[in-house]
Amino acid sequence: MGPPGAGKGTQGELLAQSLGVPRYSTGDILREACEEDSELGREVGRFIDAGELVPDTVILGIVGEVVDRPETAGGFVFDGFPRTVVQARGLEELLEERDLHLDAVIDLRVDAQEIQARLGARGRSDDGEETIQRRLDVYRAQTKPVLDWFAERGIEILEIHGVGSIEEIQRHIVESLPR
Ligand code: AMP
C-alpha cells in the first residue's frame, strides 16, 4: 500500500521476485481491461482517467479470480489492493474461505511533495496535475482508513520509508517481513 507514485509497482515486483511468487497489480489488470473494446473496458478507463477508484465489486471480482489461479499456491503479492475498507473486508472473506491468511501489509511512505515531482515526470494518462491531486485526495479519504482497519484487526503493518535507492528500499522491506 502507499499513495500514487510511492513505488508500489517497482517494489512489489522486486518483492514478488525475491519470494518467488506472482505479483498482482489491480492497476495493471485494469489498464489491460481498458485496452479491450468492451463497455466494461471503457467504463474502467473513465474512472482511472478521472483519478477515481474503480467500483469495489469490479475489483473484488478481479481479485477473486486471481487468487484461485494455480500459480498462487506458494503465496502472492498484491500491489494497489485493497484500496477501500470494503475491499479489505472482501479480501478477508476471500482468504478465510480458502483457509489463507495475510502475512503482512507494507505501507510505503512518501511525502506529497516528492510524489508530485515523481508523478509529474512519469507521464501516464492519469498523471495530469489535476488527476494527481484527485488521486492523492482519494488515497487520503478512502485508502488511508484501510491501514487503521488492518491495525484494529491486529494485522502487522510494515511502515517503510519510500525515499532512497530502489535497492535500499527493497532491502528494508525484505528485512522487515515476518519470518
Ligand atoms: P495504480 O496502478 O495502482 O496506481 O492504479 C491506477 C488506477 O487504477 C487508480 O487510480 C484507480 O483508478 C484504479 N485502481 C487500481 N487499483 C484499484 C483498487 N484496488 N480499487 C479501485 N481502483 C483501483
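Residues numbered from 1 in each chain as written. Predicted model: local features only at pLDDT ≥ 70, side-chain atom pairs only at ≥ 80, totals over all residues. Heavy atoms only, no water.

Caption draft 1: Looking closely at the overall build of the protein. Helix and strand counts for the protein come out as eight helices and four strands. Helices and strands appear in the protein in the N-to-C order α-β-α-α-α-β-α-β-α-α-β-α. The globule rule puts the C-alpha radius of gyration for 179 residues at 16 Å, and the 16 Å found for the protein is close to it. Reported as C-alpha extents along the three principal axes, the dimensions of the protein are approximately 40 × 40 × 30 Å. For the protein, the proportion of its 179 residues judged to be buried stands at 41%. (Helix = DSSP H or I, 4+ residues; strand = E, 2+ residues; numbered from the N terminus. Rg over C-alpha atoms; globule rule 2.2 N^0.38 Å. Buried < 20%, exposed > 50% of the residue type's maximum accessible area, 1.4 Å probe, protein only.)

Caption draft 2: Structural context of the site of the ligand. Taken together, the neighbourhood of the ligand is formed by 16 residues, with Thr26, Arg31, Glu52, Gly80 and Gln87 sitting nearest. Between a nitrogen atom of the ligand and a main-chain N or O atom of Gly80, the distance comes to 3.0 Å. Notes on the ligand: free accessible area 480 Å², of which the protein chains cover 96%. Judged by its atoms lying within 2 Å of the grid points, the ligand is housed in the second largest pocket. No other element matches the four residues that helix 2 (residues 26-35) contributes to the shell around the ligand. Of the residues assigned to the shell around the ligand, the class counts are six nonpolar, four polar and six charged. (Near = heavy atom within 4 Å. Polar contact = N/O pair within 3.5 Å; in protein donor to acceptor, adjacent residues only side chain to side chain. Areas by Shrake-Rupley, 256 points an atom, 1.4 Å probe, with all protein chains shown as cover. 1 Å grid on protein atoms, 1.4 Å probe; cavity = no way out; pocket = protein on both sides within 12 Å on 5 of 7 lines; lining within 4 Å. Sits in = over half its atoms within 2 Å of the grid points. Nonpolar A, V, L, I, M, F, W, Y, C, P; charged D, E, K, R; others polar.)

Caption draft 3: Structural detail: the packing of aromatic side chains. All told, the structure shown has four aromatic pairs when counted by the stated rule. Judged by centre distance (5.2 Å) and plane angle (65°), the rings of Phe76 and Phe78 are edge-to-face. Seen in terms of ring centroids, Trp149 and Phe150 are 5.6 Å apart; in terms of plane orientation they differ by 65°. Their pairing is edge-to-face. Note on Trp149: relative accessible area 8%, which makes it buried. With a relative accessible area of 2%, Phe150 lands in the buried category. Through pairs of rings, three or more aromatic residues link up here, namely Tyr24, Phe76, Phe78 and Phe81. (Phe/Tyr/Trp six-rings, centres within 6.5 Å; stacked < 30°, edge-to-face > 60°.)

Caption draft 4: Fine view of the pairing of strand 4 (residues 157-161). Along strand 4, the buried face is formed by Leu158 and Ile160; none of Ile157, Glu159 and His161, which line the opposite face, is buried. Note that strand 3 (residues 105-109) and strand 4 share five bridges and pair parallel. Residue Arg109 lies in a different strand from strand 4, and its bridge partner there is His161. (Pairing = 2+ DSSP bridges.)

Caption draft 5: Structural view of helix 5 (residues 85-97). A rise of 1.5 Å per residue sets the reference length of helix 5, with its 13 residues, at 18 Å; its end C-alpha atoms lie 18 Å apart and thus fit the reference within 8%. Looking only at helix 5, the buried set comprises Gln87, Ala88, Gly90, Leu91, Leu94 and Leu95. For helix 5, the buried positions fall inside an angular range of 160° around the axis, keeping them on one side. Exposed residues pointing more than 90 degrees away from the buried face of helix 5 are listed as Glu93, Glu96 and Glu97. Close packing links the buried residues of helix 5 with helix 4 (56-67), strand 2 (77-79) and helix 7 (129-152). Residue Asp99 follows helix 5 closely and has a positive phi angle near 60°. (Expected span 1.5 Å × (residues − 1). Arc of directions from axis to C-beta. Contact = heavy atoms within 4.5 Å.)

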